[in-house]
Amino acid sequence: MSPLEIDEIRRAIRGRWLSLPFRWRGKLSKQAEASDKLNPPLVVRGICTDSREANPDEVFFAIRGERFDGHDFLTSAAKRGCISAVVNRDASVSDEIIQKFPAGIIAVADTVSALGDLAEYYRTKLTATVVAITGSNGKTTVKQMVHHILSKHMKGSAAKKSYNNAVGVPLTLLAADGGDAYVVCEAGTNHPGEIANLARIIKPDIAVITSVHETHLEGLGDIEHIAAEKASLLSGLSPGGTAVVWADSELLKTAIGRYNVKTVWFGEDRSAELRLTDYRPVSGGGGKFQMNNRLWVNLAVPGKHNALNALAAIAVAERFGIPPATAADDLKDYTGTKMRLESIKVGGITIINDAYNSNPASLKAGVAALESFPGNRRVVVAGDMLELGPSSEQIHRRIGETIATMGVGLVIGVGELGKFIADGADSVGGVLTERLGSVEEAGKVLPAMLKRGDVVLIKGSRAMRMERLVEAVCFALQQGKGRSRRKARTC
């Protein structure tokens, strides 16, 4: 972050002093202004929302969450060296805590909104080209691919982890340095209007929409509203900016029609300027694809969906003046990220840890990616897919039916909704199925259901924390536990 003066921050977030900085305290405002002319301004060099990660000369924003209240950690932030804090006006902050912050405490109506206001202000100071990425699937992967390519040619930054909400997006922008040539943001949503609000803060020069699928139906209603919500990222596009958009959805094409912006299309549709014309899995966990019937691109990550993600990243790189062939070559050593088709070999079995999240399209893509991994039997362990609304049971059954036709030998549904995936596979027939009530139960019995040579995909919504199952299976296999008498049933 480029340095900001503490009162510059206060003005940007429309806050009031709960306590003044030490050198202003006890003075009238005019005297404080005069003092400011005689003393160097109080400078802030970073913003944080987690007191455990706080650094000296930073401002701590006390955020209230479902399971925590940042106001409870003000003392911790001060001990870590934060010179100021931003708190909610309705918070009770003792004089003892107030005295711990040498640059004072600022009170606002809502600290999350204030954080967004500060990021929106800071965005006006950035000279970097700002990229924003949204979509039902592939946001994080495309973000990382873009950063992977650009970082080989220039200085810049990208969102940490999946920083894609009203807190994560501001932190991404505020972490950018004045010398950065680019910043890559990720924008997510689970209710109407969230993307438009993030777009207002980001004001992207390049806006990417990776895909539109059945996700967050509980909050967004239907696929048409999902398309409209994703397309609203373009509402914040800077003048002269470019949209990079998935070409394989007519609903998305309709949704972005309301925005008069320059658009570059990618995908399999014939309308795409960057078109996927061939894809071939590579044994061992990779793949290669052809773009526009000409350029072959090798990837170390599996799956046709990752070929489409790569096309989006190449399209962004081209906006920075990087030729497609160069960008393609840069992607050769991109190896993916944790809990996204992460391959683990243990006890003669290949575990594919795709536990970060799940929805129908990403589950189907994960199953399809199994063809890149050599093995004797393909096993799918599928947990609940959450936030799918009133049609959730039917959607789970439907994806189970699809999985059963994809060369899978065993389908295991985990959780209250996961069992319907197994039911759907049963209705098609030809595959073994099992239903397990929880991740804990699956951790106890799954290792004994597997056999040498299996390739096992483990996937579920984030709230399921299916990585716990990955850990349990790996531990059991490392201990050499054999098969039990429990068998999966077939129809």
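Residues numbered from 1 in each chain as written. Predicted model: local features only at pLDDT ≥ 70, side-chain atom pairs only at ≥ 80, totals over all residues. Heavy atoms only, no water.

A.B. asks: Please clarify how the environment of tryptophan 296 should be interpreted in this entry.
C.D. replies: Tracing the backbone through its elements, the reader meets tryptophan 296 in strand β16 (residues 295–299). Between the C-alpha atoms of tryptophan 296 and valine 473, which are 177 residues apart in sequence, the distance is 37 Å. In contact with tryptophan 296, other than residues within four places in its own chain, are Asp278, Arg280, Lys288, Phe289 and Gln290. (Helix = DSSP H or I, 4+ residues; strand = E, 2+ residues; numbered from the N terminus. Contact = heavy atoms within 4.5 Å.)

A.B. asks: Hey, could you run me through the nonpolar core in this one?
C.D. replies: Nonpolar side chains in soluble globular proteins tend to end up buried together. Among the nonpolar cores identified, the biggest contains 120 residues, and Ile47, Phe289 and Leu363 are the most heavily contacted of them. Considering every element that reaches this core, the biggest residue donor is helix α12 (residues 304–319), with 10 residues. Look past the residues within four positions of isoleucine 47 in its chain and what remains in contact with it is Met1, Ile9, Glu58, Val59, Phe61, Leu115, Leu118, Leu171 and Leu174. In terms of nonpolar packing, the next biggest core, distinct from the first, is built from 26 residues, Val439, Met449, Val473 and Cys474 among them. (Core = buried A, V, L, I, M, F, W, Y, C linked by side-chain atoms within 4.5 Å. Buried < 20%, exposed > 50% of the residue type's maximum accessible area, 1.4 Å probe, protein only.)

A.B. asks: What is the right way to read the sheet that holds strand β6 (residues 84–88) from this model?
C.D. replies: In a beta sheet, neighbouring strands are held together by backbone hydrogen bonds and run either parallel or antiparallel to one another. Reading across from one edge, β2-β7-β6-β5-β4 is the order of the 5 strands in this open sheet, with mixed pairing throughout. Each end of this open sheet is capped by a strand with a single partner; those strands are β2 (16–19) and β4 (46–48). Each strand axis lies, on average, 30 degrees off the axis of its neighbour in the sheet, ignoring direction. Across the sheet, helix α5 (residues 111–123) lies against β4, β5 (58–61), β6 and β7 (105–108), angled at about 140 degrees from β5, the strand it touches most. (Pairing = 2+ DSSP bridges. Axes fitted to C-alpha atoms, helices over the stretch in contact; angles between N-to-C directions.)

A.B. asks: I keep staring at the packing of aromatic side chains and nothing clicks. Help me out?
C.D. replies: Describing an aromatic ring pair means giving the distance of the ring centres and the angle of the ring planes. For the structure shown, the criterion picks out 1 aromatic pair. Ring geometry for tyrosine 182 against phenylalanine 320: centres 6.4 Å apart, planes inclined by 80 degrees, an arrangement best described as edge-to-face. In this pair, tyrosine 182 is assigned in strand β10 (residues 182–186) and phenylalanine 320 in the loop between α12 and α13 (324–330), connecting sequence segments 138 residues apart. Comparing tyrosine 182 with phenylalanine 320, the two get one shared label, buried. Residue placement shows lysine 253 over the ring face of tryptophan 265; its charged tip is 5.8 Å from the ring centre. The side chain of arginine 340 reaches across the aromatic face of tyrosine 356, ending 4.0 Å from its centre. (Phe/Tyr/Trp six-rings, centres within 6.5 Å; stacked < 30°, edge-to-face > 60°. Lys NZ or Arg CZ within 6 Å of the ring centre and 35° of its normal.)

A.B. asks: I'm lost on the layout of surface pockets in this one. Help?
C.D. replies: Estimates place the volume of the second largest pocket at around 160 Å³. Per element, the largest residue contribution to the lining of the second largest pocket is 4 residues, and it comes from helix α15 (residues 392–404). Considering only residue class, the lining of the second largest pocket consists of 4 nonpolar, 2 polar and 3 charged. (1 Å grid on protein atoms, 1.4 Å probe; cavity = no way out; pocket = protein on both sides within 12 Å on 5 of 7 lines; lining within 4 Å. Points joined across faces, edges and corners; volume = space filled by probe spheres on them. Nonpolar A, V, L, I, M, F, W, Y, C, P; charged D, E, K, R; others polar.)

A.B. asks: Honestly, the pattern of salt bridges in this entry has me stumped. Any pointers?
C.D. replies: Close approach of charged atoms lets side chains of opposite charge pair. Applying the stated criterion across every chain, the model contains 28 salt bridges. Salt-bridge contacts for aspartate 423 lead to arginine 435; the nearest nitrogen and oxygen are separated by 2.8 Å. Of the two residues, aspartate 423 is situated in helix α16 (residues 418–428) and arginine 435 in strand β21 (residues 432–436); the sequence distance between them amounts to 12 residues. It is possible to trace a salt-bridge network through shared partners that takes in Glu393, Arg397, Asp423, Asp426 and Arg435. (Salt bridge = Lys/Arg side-chain N within 4 Å of Asp/Glu carboxyl O.)

A.B. asks: What is the right way to read the environment of isoleucine 105 from this model?
C.D. replies: Following the sequence through the fold, isoleucine 105 ends up in strand β7. By relative accessible area, isoleucine 105 is classed as buried at 0%. Residues isoleucine 105 and leucine 4, 101 residues apart in the sequence, show an inter-C-alpha distance of 16 Å. Beyond its immediate chain neighbours, meaning those up to four positions away, isoleucine 105 contacts Arg16, Trp17, Leu18, Ser19, Ser84, Ala85, Val87, Val93, Ile97 and Ile98.

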